Amino acid sequence: MSVKIIGTGSALPEKIVTNDDLAQLVETSDEWIRERTGIGSRHISTGETVVSLAARAGERALENAGRTAADVQLLLLATAAPETGIPCAACQVQSILGAAGAVAFDLNAACAGFLFALHTACAYIEAGIYENALVVGSEVLSKIVDWTDRSTCVLFGDGAGAAYVERCDEPGILGFVQHSDGTKGEVLQCGGRQLSNPYISLPQEPSFVKMDGREVFAFAVRQVPACIQELLGRIGLETGDVDLYVLHQANRRIVEGIARRLAVAEDRFPMNLDRVGNMSSAAIPVLLDELNRAGRLRAGMTLVLSGFGAGLTYGACALRW
Ligand code: UT7
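Just so it is clear, the model here is predicted, and its values are computed rather than measured. (Residues numbered from 1 in each chain as written. Predicted model: local features only at pLDDT ≥ 70, side-chain atom pairs only at ≥ 80, totals over all residues. Heavy atoms only, no water.)

(A) Region of the structure containing the sheet that holds strand 15 (residues 313-320). Pairing in this open sheet of four strands is mixed, and the strands run 8-15-14-13 from one edge to the other. Whereas interior strands pair on both sides, the edge strands pair on one side only; in this sheet they are strand 8 (173-180) and strand 13 (244-247). In this sheet, adjacent strand axes meet at a mean angle of 10° when their direction is disregarded. Examined bridge by bridge, strand 14 (residues 302-309) and strand 15 share eight bridges and lie antiparallel to one another. When the bridges of strand 15 are listed, L305 appears paired with C317. Running at roughly 140° to strand 13, helix 10 (residues 283-293) makes contact with strand 13 and strand 14 of the sheet. (Pairing = 2+ DSSP bridges. Helix = DSSP H or I, 4+ residues; strand = E, 2+ residues; numbered from the N terminus. Axes fitted to C-alpha atoms, helices over the stretch in contact; angles between N-to-C directions. Contact = heavy atoms within 4.5 Å.)

Structural data, given as structure tokens:
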């Protein structure tokens, strides 16, 4: 018995914001952003929400899988920026899709969120609790980004990606590795609501994403290759056995650094960050969906998905397409 991705989907906000557009807001340039990150433009919400994007991505994944919302037994939504504390975004997506029979809940592991949600879905399916799951990563980071901070506002984009997975007899997901290091939480953070009740009231200042970019960069280039090696070792594969490495899209130089450390040719590392920026938990499923719809994923191919982000969290998953 295995768990296989049967369909993928994605959704991006309509508005495209170029580097030149950002140069009108903060002191930056197309040249700096492209050279330091590889990003050329990103989609930014002018009304789309985590829920609306997730619902569209989920709908497309179901269509792609040839399944309906009524089939879905588990709906997991990874996000770091939900619109509401309660109800969770997953339940709102369940209602829009009409997935009445699904159990739905959110999960937050920042940029590694989609991978952690996929792993959770697989664990449920392998345990025999559910037979399938719709796993979504959806982010509207533009509402938690400080648009006066050039070191972060140029990096992020909004969007959602989804994968529909099912219990199956052919080989599918081959293995997972997940890690968290809460001692490094301060390098990438965004506050929530402060304590306020009749007995104490802390100042309710809006909080935005704050990041030590160099620390995150160094962490990613060091830990992601180690994590991928750990995963491949566990399932008895070599780096050369992997057809495509679908990595979190944070920075072109990070992806290139990881490819170098693994001694794998860069053409095995597809990228879309030039058009979409860093979409946190949506990055991996959106890229996967683009590859799928472009016909670049053939049956039997071996893929490694790997992400890293705030927490710190990081992980990798190997699968047979
Ligand atoms: O999903 C996970 C979340 N985040 C990440 O993965 C981000 C990981 N980190 C990175 O991608 C890179 O560290 C950044 C792109 C954030 C920054 O690149 P860097 O090469 O590490 O630049 P830096 O922070 O060392 O800054 C170099 C210079 C600084 O100026 P000084 O101090 O040398 O005069 C910055 O103030 O570049 C300046 N700078 C900018 N200049 C123009 C920072 N942001 C900008 C900007 N435009 N947007």
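Still more to cover.
(B) Region of the structure containing the site of the ligand. Contacts to the ligand come from 23 residues, most closely from T28, R36, R214, N251 and N278. One nitrogen or oxygen atom from the side chain of N251 is found 2.7 Å from an oxygen atom belonging to the ligand. Note that an oxygen atom of the ligand is positioned 3.0 Å from one of the side-chain N or O atoms of R253. Considered on its own, the ligand offers 950 Å² of accessible surface; in the complex 75% of this is hidden by protein. (Near = heavy atom within 4 Å. Polar contact = N/O pair within 3.5 Å; in protein donor to acceptor, adjacent residues only side chain to side chain. Areas by Shrake-Rupley, 256 points an atom, 1.4 Å probe, with all protein chains shown as cover.)

(C) Region of interest: the pairing of strand 13. Taking every second residue as pointing to the same face, both faces of strand 13 are buried, with L244 and V246 on one and Y245 and L247 on the other. The pairing of strand 13 with strand 14 spans four bridges and is classified as parallel. Residue L247 lies in a different strand from strand 14, and its bridge partner there is S306. (Buried < 20%, exposed > 50% of the residue type's maximum accessible area, 1.4 Å probe, protein only.)

(D) Looking closely at helix 5 (residues 113-126). Its 14 residues place the ends of helix 5 20 Å apart at the C-alpha level, agreeing with the 20 Å of an ideal helix rising 1.5 Å per residue. Those residues of helix 5 that fall on the buried side of the exposure criterion are G113, F114, L115, F116, A117, L118, A121, C122 and I125. Positive backbone phi, at 85°, marks G128, one or two positions downstream of helix 5. (Expected span 1.5 Å × (residues − 1).)

(E) Layout of the nonpolar core. If you look at the biggest cluster of nonpolar residues, it comprises 48 residues, and the most contacted ones within it are I228, Y245, F269 and F308. Elements supplying a minimum of two residues to this core: helix 7 (213-235), strand 13, helix 8 (252-262), strand 14 and strand 15. With nine residues, the top contributor of residues to this core is helix 7. Those residues within four positions of F269 in sequence are excluded, and the remaining contacts are Y245, L247, V255, I258, A259, L262 and V264. Core analysis: the next-biggest nonpolar cluster, separate from the first, contains 36 residues, L76, C122, L244 and W321 among them. (Core = buried A, V, L, I, M, F, W, Y, C linked by side-chain atoms within 4.5 Å.)

(F) Looking closely at the state of the cysteines. Evaluation of the coordinates by the stated rule reveals zero disulfides. There is no disulfide at C111, and the cysteine sulfur nearest it, in C190, is 12 Å away. By relative accessible area, which is 32% here, C190 ends up partly exposed. (Disulfide = S-S within 2.5 Å.)

(G) Structural view of the packing of helix 7 against helix 8. As a packed pair, helix 7 and helix 8 sit with axes 9 Å apart at the nearest point and diverge in direction by 40°. By the angle between their directions, the pair helix 7 and helix 8 is classed as oblique. Of the two possible hands of crossing, helix 7 and helix 8 adopt the one that is right-handed. Mapping the contact onto sequence places F217, A220, V221, R222, V224, P225, I228 and Q229 in helix 7 and R253, I254, G257, I258, R261 and L262 in helix 8. Partitioned by chemical class, the residues of the contact of helix 7 with helix 8 number nine nonpolar, two polar and three charged. (Parallel < 35°, antiparallel > 145°, perpendicular 65-115°, else oblique. Left-handed = near helix turned anticlockwise from the far one by under 90°. Nonpolar A, V, L, I, M, F, W, Y, C, P; charged D, E, K, R; others polar.)

(H) Up close: helix 10. For helix 10, the buried fraction is high: nine of the 11 residues fall into the buried class. The complete set of buried residues in helix 10 reads A283, I284, P285, V286, L287, L288, D289, L291 and N292. Note on helix 10: the residue one or two positions beyond its end, G295, has a positive phi of about 75°.

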